[in-house]
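# Structural description and commentary
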Amino acid sequence: MALDGCGLCCKYLLIAFNIVFALLGFVFLGVGLWLRLSPNTRGIFQIEELNSSAFVMAVTVLIALGAVMLIVVSFGDYGTCNQKICALQVFSVLLSILALAEVVLGVLAYANRDQVGYSIAEFYSSMYALYLKNGDPVIGATLTFIHNTLHCCGVTGIPLIEMAVKTCPKPDGFFEKIVMPNCPAIIASVFDSKAVLVMGLFVGTGALLIMAVICSSILSNKLRQSSSSPQYIILTHSTSVLANPQPPQHELVYSSNPHPDQDPVVFTPLTVANIPVAQS
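Right, let's walk through the structure included here.

Now for the overall build of the protein. For the protein, the count of helices and strands is nine helices and two strands. Its helices and strands in sequence order give the protein the pattern α-α-α-α-α-α-α-α-α-β-β, from N to C terminus. Partitioning the contacts of the protein with sequence separation of at least 6, the portion at a separation of at least 24 is 67%. About 17,700 Å² of surface is accessible on the protein, with carbon and sulfur atoms providing 68% of the total.

Once that is clear, we can look at the state of the cysteines. The final tally for this structure, using the stated rule, is two disulfides. Sulfur-sulfur distance for the disulfide between cysteine 152 and cysteine 183 comes to 2.1 Å. Looking down the S-S bond of the cysteine 152 and cysteine 183 bridge, the torsion is 95°, so its handedness is right-handed. Placement of the pair is cysteine 152 in the loop between α6 (137–150) and α7 (183–193) and cysteine 183 in helix α7, with a sequence separation of 31 residues. Take cysteine 152: its relative accessible area is 0%, and that puts it in the buried class. By relative accessible area, which is 0% here, cysteine 183 ends up buried. One disulfide in the model links cysteine 153 with cysteine 168; its S-S distance is 2.0 Å. Around the S-S axis, the bridge from cysteine 153 to cysteine 168 shows a dihedral of about 80° and counts as right-handed. With a gap of 15 residues between them, cysteine 153 in the loop between α6 and α7 and cysteine 168 in the loop between α6 and α7 connect regions that are remote in the sequence.

Let us look at the packing of aromatic side chains. Overall, the coordinates contain three aromatic pairs when judged by the stated rule. Ring centres of phenylalanine 17 and phenylalanine 91 lie 6.5 Å apart, and the angle between their planes is 70°; this geometry places the pair in the edge-to-face category. Linking phenylalanine 17 in helix α1 (residues 5–37) with phenylalanine 91 in helix α4 (residues 85–111), this pair joins segments that are 74 residues apart in sequence. The buried category is assigned to phenylalanine 91, whose relative accessible area is 0%. Ring-pair connections join several aromatic residues into one group, and the members of that group are Phe17, Phe21 and Phe91.

Glancing now at the nonpolar core. Proteins that are soluble and globular tend to have nonpolar side chains buried together. Counting residues in hydrophobic clusters, the biggest one holds 19 residues, and the most contacted among them are Phe17, Phe21, Leu95 and Leu209. Of all the secondary structure elements, the ones that give two or more residues to this core are α1, α3 (54–82), α4 and α8 (195–228). For this core, the element with the most residues is α8, which contributes six residues. Ignoring anything within four residues of it in the chain, the contact list for leucine 209 reads Phe17, Phe21, Leu95, Leu98, Ala99 and Glu102. Ranked by size, the runner-up nonpolar core spans 14 residues in total, among them Val59, Ile139, Cys152 and Cys183.

In this section: a nonpolar patch on the surface. Residues Ile158, Leu160, Ile161, Phe174, Phe175, Ile178 and Val179 make up a contiguous nonpolar surface patch of roughly 740 Å² in combined accessible area. As for its position among the elements, isoleucine 158 is in the loop between α6 and α7.

A separate point is α4. Taking 1.5 Å per residue, 27 residues should reach 39 Å; α4 reaches 39 Å between its end C-alpha atoms and fits that length. By the burial criterion, the buried members of α4 are Ala87, Leu88, Phe91, Ser92, Leu95, Leu98, Ala99, Gly106 and Ala109.

Taken as a whole and judged by the stated rule, the model has one salt bridge. The shortest N-O distance in the salt bridge between aspartate 192 and arginine 113 comes to 3.5 Å. Highlighted residues: aspartate 192 in helix α7 and arginine 113 in helix α5 (residues 113–134), separated in sequence by 79 residues. Given a relative accessible area of 28%, arginine 113 falls into the partly exposed group.

Rules and cut-offs
- Residues numbered from 1 in each chain as written.
- Predicted model: local features only at pLDDT ≥ 70, side-chain atom pairs only at ≥ 80, totals over all residues.
- Heavy atoms only, no water.
- Helix = DSSP H or I, 4+ residues; strand = E, 2+ residues; numbered from the N terminus.
- Contact = heavy atoms within 4.5 Å.
- Areas by Shrake-Rupley, 256 points an atom, 1.4 Å probe, with all protein chains shown as cover.
- Disulfide = S-S within 2.5 Å.
- Buried < 20%, exposed > 50% of the residue type's maximum accessible area, 1.4 Å probe, protein only.
- Phe/Tyr/Trp six-rings, centres within 6.5 Å; stacked < 30°, edge-to-face > 60°.
- Core = buried A, V, L, I, M, F, W, Y, C linked by side-chain atoms within 4.5 Å.
- Patch = residues over 30% accessible without salt bridge, like charges linked within 9 Å, V, L, I, M, F, W, Y side chains within 5 Å.
- Salt bridge = Lys/Arg side-chain N within 4 Å of Asp/Glu carboxyl O.
- Expected span 1.5 Å × (residues − 1).

This is how it looks when you write it as C-alpha cells:
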C-alpha cells in the first residue's frame, strides 16, 4: 500500500519507538528475572513474612511490566512493518491503557509521597541485608552507586560500626569520619522533595505514549484510505470489438451553412470500435 509523506513519517517514528520500547522491556524483564531467580535473592520469595515487602513487590512489577511492554511491542512492530490495520488498532488500545496507567501512578505517587518514600527506603534496606548476607558484587555495586549519589552510608550512617563501609563514599570532612547521613532517611527525604519531579516524569512518559497512539491512528487511517481508493486501468480497445468491427456509419453533412463561401462541416459519428472499453 502506498503511503504519503505523513504516513511514512508516522511509520518510521513508530519503528523507532518500538525499538526503544523493546529494549526497555528486555531490561526490565531481565533485571526482574535475575532478582527473582538468582541464588542470592531467591530465599526472600520463600519466606512468607517477606512476601509483601517492597523488594518482592518491586521485582514482581519489573517482571510484569517488562512482559507487557514486549507484548505491546510485538503488536506495534507487526502492524507497522507489515502495514496491518488490525494489529495497529490493538497496539493503540494497549498503549492507551499503559499511558493512562502512567498518569494515574504519577498522581498517586505524588499524593502518597510519604508512603512511597518509606517503601523505597524499605527496598533499599532489603538490598542492604542481602549484600551483608551473600556479598553479591552486583548488589554491592548498586549500593555503591546509591551511596555515592545520595552521599550517605548504610542504614546507620556511622562508618566505624557500618558493616558495608566499603560501599560508602569518602567523607568530606573530619566530622563525617564519625557520622554520615543514613541512607533510608535520605531516600525518604529526597523522594518527598522530588515528588513533583517524579510525577512530571510519569506524566511526561504518558504523554510520549499518547503521541505514539496518535501516530498509530494516523498510520491506520492512511492505510485504510490507501486500501479503499479505486485503482484505474486504462485500456485502448476491446478484443471482442476488434474481432468483430462494426460497419462504418454514414457521415452526416449539415448543408445549412449561412456562409456559402466556406466548406461544409462534416461530423463523423463515433463507432463502437473507436470507443475504449474498460475490461474488468
